[in-house]
Amino acid sequence: MSRHLFLIGFMGAGKTRVARLVAERLGRPFIDLDERIEAAEGRSVSAIFSEDGEDEFRRLESEQLALVADSAPAVIACGGGIIVRCENRSLLPSLGYVIYLKVTAAEALARVGDAATRPLLAGPGGQLAATSLLQAREGLYSSTADAAVDTVGRTPEAIADEVVALFEASEEQ
Ligand code: S3P
């Protein structure tokens with residue numbers, strides 16, 4: 001059976017970078033869910049948050065997730081908050097294999113750098129927000145995913161190797 005491969009995890013976990021590498025290796029299309037939302041809306045994620053708020057962003061995110069059900073099997077990088085909504089947590093495993101890319105709050109902040117593009121981490125409270133958000137979400141990432149991969153101290157290439165191996169093993173079952 002051929003299914004989507006989803007990468008989930010906190011902001012800065014490297015989902016987009018790794019998903020691109022994995023898509024190349026598997027010869028599959030790459031989909032970035034945030035990009036789909038921005039393309040459909042004609043505005044950035046930050047603009048959606050500031051103009052219409054997080055709830056509206058979550059609604060658009062669920063809408064785009066539901067739409068990939070009709071796409072050819074792809075490697076899909078999800079936004080860090082995809083697991084916030086219960087409906088998404090049910091939909092993800094029904095549409096494919098889900099891998100959780102794990103990162104610490106400190107490493108996530110260091111990697112994100114320009115947090116202005118991540119409205120939830122922007123501003124002086126970014127460090128605290130990262131720590132408490134990650135703590136609140138950790139269980140949701142783990143329970144939604146079929147497998148987890150550590151990313152701290154590893155190159156995107158090494159992470160992609162492990163993701164491909166896990167996915168191929170799951171397809172053989
Ligand atoms: C979010 C993560 C972002 C983006 C939005 C909200 C979150 O995606 O969807 O800013 O709630 O964790 P990345 O994880 O790709 O940064």
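Residues numbered from 1 in each chain as written. Predicted model: local features only at pLDDT ≥ 70, side-chain atom pairs only at ≥ 80, totals over all residues. Heavy atoms only, no water.

Enquirer: Explanation requested: the site of the ligand in the structure shown.
Expert: Lys15, Asp34, Arg58, Arg118 and Arg137 are the nearest of the 14 residues found near the ligand. Taking glycine 81, its main chain carries an N or O atom lying 3.2 Å from an oxygen atom of the ligand. Coverage of the ligand by the protein amounts to 95% of the 380 Å² it exposes when considered alone. (Near = heavy atom within 4 Å. Polar contact = N/O pair within 3.5 Å; in protein donor to acceptor, adjacent residues only side chain to side chain. Areas by Shrake-Rupley, 256 points an atom, 1.4 Å probe, with all protein chains shown as cover.)

Enquirer: Can you help me understand the side chain of glutamate 61 in this one?
Expert: Turning to its location among the elements, glutamate 61 is positioned in helix H4 (residues 54–67). Excluding residues within four positions of it along the chain, glutamate 61 makes contact with Ile37, Gly79, Gly81 and Ile82. (Helix = DSSP H or I, 4+ residues; strand = E, 2+ residues; numbered from the N terminus. Contact = heavy atoms within 4.5 Å.)

Enquirer: I tried to follow H4 on my own but got confused; where do I start?
Expert: In an α-helix, one turn spans 3.6 residues; hence positions three or four apart end up facing the same way. Spanning 14 residues, H4 covers 20 Å between terminal C-alpha atoms, matching the ideal 20 Å at 1.5 Å per step. Every buried residue of H4 is accounted for by Phe57, Arg58, Leu60, Glu61, Ser62, Gln64 and Leu65. On the buried face of H4, the contacting elements are strand E1 (4–8), helix H2 (33–41), helix H3 (45–52), helix H5 (86–95) and helix H7 (126–144). (Expected span 1.5 Å × (residues − 1). Buried < 20%, exposed > 50% of the residue type's maximum accessible area, 1.4 Å probe, protein only.)

Enquirer: Explain the pairing of strand E4 (residues 96–102) to me, please; I cannot follow it from the model alone.
Expert: Two faces, one strand: in a regular strand the side chains alternate between the faces of the sheet. With six of seven residues buried, E4 lies mostly within the body of the structure. As paired strands, E1 and E4 are joined by five bridges and run parallel to one another. Looking at the pairing, isoleucine 8 lines up with tyrosine 100 of E4. With four bridges joining them, E4 and strand E5 (residues 147–150) adopt parallel strand pairing. The partner of tyrosine 100 across the bridge, within E5, is alanine 148. (Pairing = 2+ DSSP bridges.)

Enquirer: Explain the packing of aromatic side chains here, please?
Expert: Each aromatic ring pair is characterised by the separation of its centres together with the angle its planes make. In total, this model carries three aromatic pairs according to the counting rule given. On the basis of an interplanar angle of 40 degrees and a centroid distance of 4.9 Å, the ring pair of phenylalanine 49 and phenylalanine 57 is categorised as tilted. Phenylalanine 57 sits in the buried class, given a relative accessible area of 3%. Between tyrosine 100 and tyrosine 141, the ring centres sit 5.0 Å apart and the planes meet at 25 degrees, which makes this aromatic pair stacked. Here tyrosine 100 is found in strand E4, whereas its partner tyrosine 141 is found in helix H7, with 41 residues between them in sequence. Neither tyrosine 100 nor tyrosine 141 differs from the other in exposure class; each is buried. (Phe/Tyr/Trp six-rings, centres within 6.5 Å; stacked < 30°, edge-to-face > 60°.)

Enquirer: Would you mind showing me how to read the sheet that holds E4 here?
Expert: Strand pairing in a sheet relies on backbone hydrogen bonds. The paired strands run either parallel or antiparallel. Read across the open sheet, the five strands follow the order E2-E3-E1-E4-E5; overall the sheet is parallel. Unpaired on one side and paired on the other, strand E2 (30–32) and E5 mark the two borders of the sheet. Strand-to-strand twist of the sheet, defined as the mean angle between neighbouring strand axes without regard to direction, takes the value 25 degrees. When E2 meets strand E3 (residues 75–77), the two strands line up parallel, connected through three bridges. What sits directly across from aspartate 32, in E3, is alanine 77. Docked against the sheet, H5 engages E1 and E4, running at close to 120 degrees with respect to E4. Across the face of the sheet, H7 comes into contact with E1 and E4 while running at roughly 145 degrees to E4. (Axes fitted to C-alpha atoms, helices over the stretch in contact; angles between N-to-C directions.)

Enquirer: In this structure, what is going on with the packing of H4 against H5? I would like to understand it.
Expert: Between two packed helices, both the angle of their axes relative to each other and the distance between the axes serve to describe the pair. Across the interface, H4 lies against H5 with an axial gap of 10 Å and an inter-helix angle of 20 degrees. As summarised for this structure, H4 and H5 are arranged roughly parallel, according to the angle between their axes. Along this stretch, H4 crosses H5, giving a crossing that reads as left-handed. Judged by residue contacts, Ser62, Leu65 and Ala66 of H4 engage Glu87, Asn88, Leu91, Leu92 and Leu95 from H5. Looking at the contact of H4 with H5, its residues break down into five nonpolar, two polar and one charged. (Parallel < 35°, antiparallel > 145°, perpendicular 65-115°, else oblique. Left-handed = near helix turned anticlockwise from the far one by under 90°. Nonpolar A, V, L, I, M, F, W, Y, C, P; charged D, E, K, R; others polar.)

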